[in-house]
Amino acid sequence: MPLPFLTADRAFDTTDHVALPFDDHDQWRRPYRPGSWRVGVAALALLLASFVLLAAVIIVAAGGFAAAGVTLGLAVLVILAALRMLRVGTWVSRAGVRRVGFLKTVTVPWAKVTFVRTAQQPVRWLGLPRTVQGQALVLGRQGGEQLLLLTDHNADFLSRVEAFDRAADTVEAWNAEYGVVPAATR
């Protein structure tokens, strides 16, 4: 029994090219779905938080209100970390491109983007120090700085090569639509 209302793919199943009602280019959107590694780790963190919350209830029942407060604070920190982990990634809007990290967010307006391209280079495997040869979507900023937007070995695209290609093409399309057109050389 197909349940199309539960999938995010139904937006791409249309044959007409009419903008969908939720297709607001002024809102920040992630041009891909979060990967199974990212969602799985966040789910395990939320499971851990539920056990910590249960421990806080048991501690309150035993009469240790100060220890219960510390335990409750720990549970809130784990929940906030899991939610932040789900927000990590590359987001686009008409205003520019945003690289959301766990601790740091970088926003680059389209006017300051010089290029967006896919490159073969060493990339970090699941964000760990180990590097492997892979593909990366690189954004060039004015002044020669480069920002790594996506890799095919991060928590969103590990063993999902087609999803990486679609996401990279989508970000490049956003750049083509809203980015500054370089001046022609004479």
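Look up a bit, the structure's there.
In this text, all values refer to a predicted model and were calculated from it rather than measured experimentally.

### Focus: the sheet that holds strand β4 (residues 113–124)
1) Next: Strands sit in the order β4-β5-β6 across an open sheet of three strands; the sheet is antiparallel. Each having just a single partner strand, β4 and β6 (146–151) make up the two edges of the open sheet. Strand-to-strand twist of the sheet, defined as the mean angle between neighbouring strand axes without regard to direction, takes the value 30 degrees.
2) Next: With eleven bridges connecting them, β4 and strand β5 (residues 131–141) associate as antiparallel partners.

### Focus on the packing of aromatic side chains
Each pair of aromatic rings is reported with the distance of its centres and the angle of its planes.
1) Next: Inspection of every chain in the model, using the stated rule, returns three aromatic pairs.
2) Next: Plain terms: the ring middles of Tyr-32 and Phe-157 are 4.8 Å apart, the flat faces sit at 55 degrees to each other, and that makes the pair tilted. One end of the pair, Tyr-32, is in the segment before α1 (36–62); the other, Phe-157, is in the loop between β6 and α3 (161–178), and 125 residues separate them in sequence. In this structure, Tyr-32 and Phe-157 share a single accessibility class: buried.
3) Next: Between Phe-157 and Phe-164, the ring centres sit 5.7 Å apart and the planes meet at 80 degrees, which makes this aromatic pair edge-to-face.
4) Next: Given a relative accessible area of 1%, Phe-164 falls into the buried group.
5) Next: Aromatic rings pair up to connect Tyr-32, Phe-157 and Phe-164 into one cluster.
6) Next: The ring centre of Trp-91 lies 4.5 Å from the NZ or CZ of Arg-87, which sits over that ring.
7) Next: For the cation-ring pair, Arg-130 lies above Trp-125, with the distance from its terminal atom to the ring centre recorded as 5.6 Å.

Analysis parameters
Residues numbered from 1 in each chain as written. Predicted model: local features only at pLDDT ≥ 70, side-chain atom pairs only at ≥ 80, totals over all residues. Heavy atoms only, no water. Pairing = 2+ DSSP bridges. Helix = DSSP H or I, 4+ residues; strand = E, 2+ residues; numbered from the N terminus. Axes fitted to C-alpha atoms, helices over the stretch in contact; angles between N-to-C directions. Phe/Tyr/Trp six-rings, centres within 6.5 Å; stacked < 30°, edge-to-face > 60°. Buried < 20%, exposed > 50% of the residue type's maximum accessible area, 1.4 Å probe, protein only. Lys NZ or Arg CZ within 6 Å of the ring centre and 35° of its normal.

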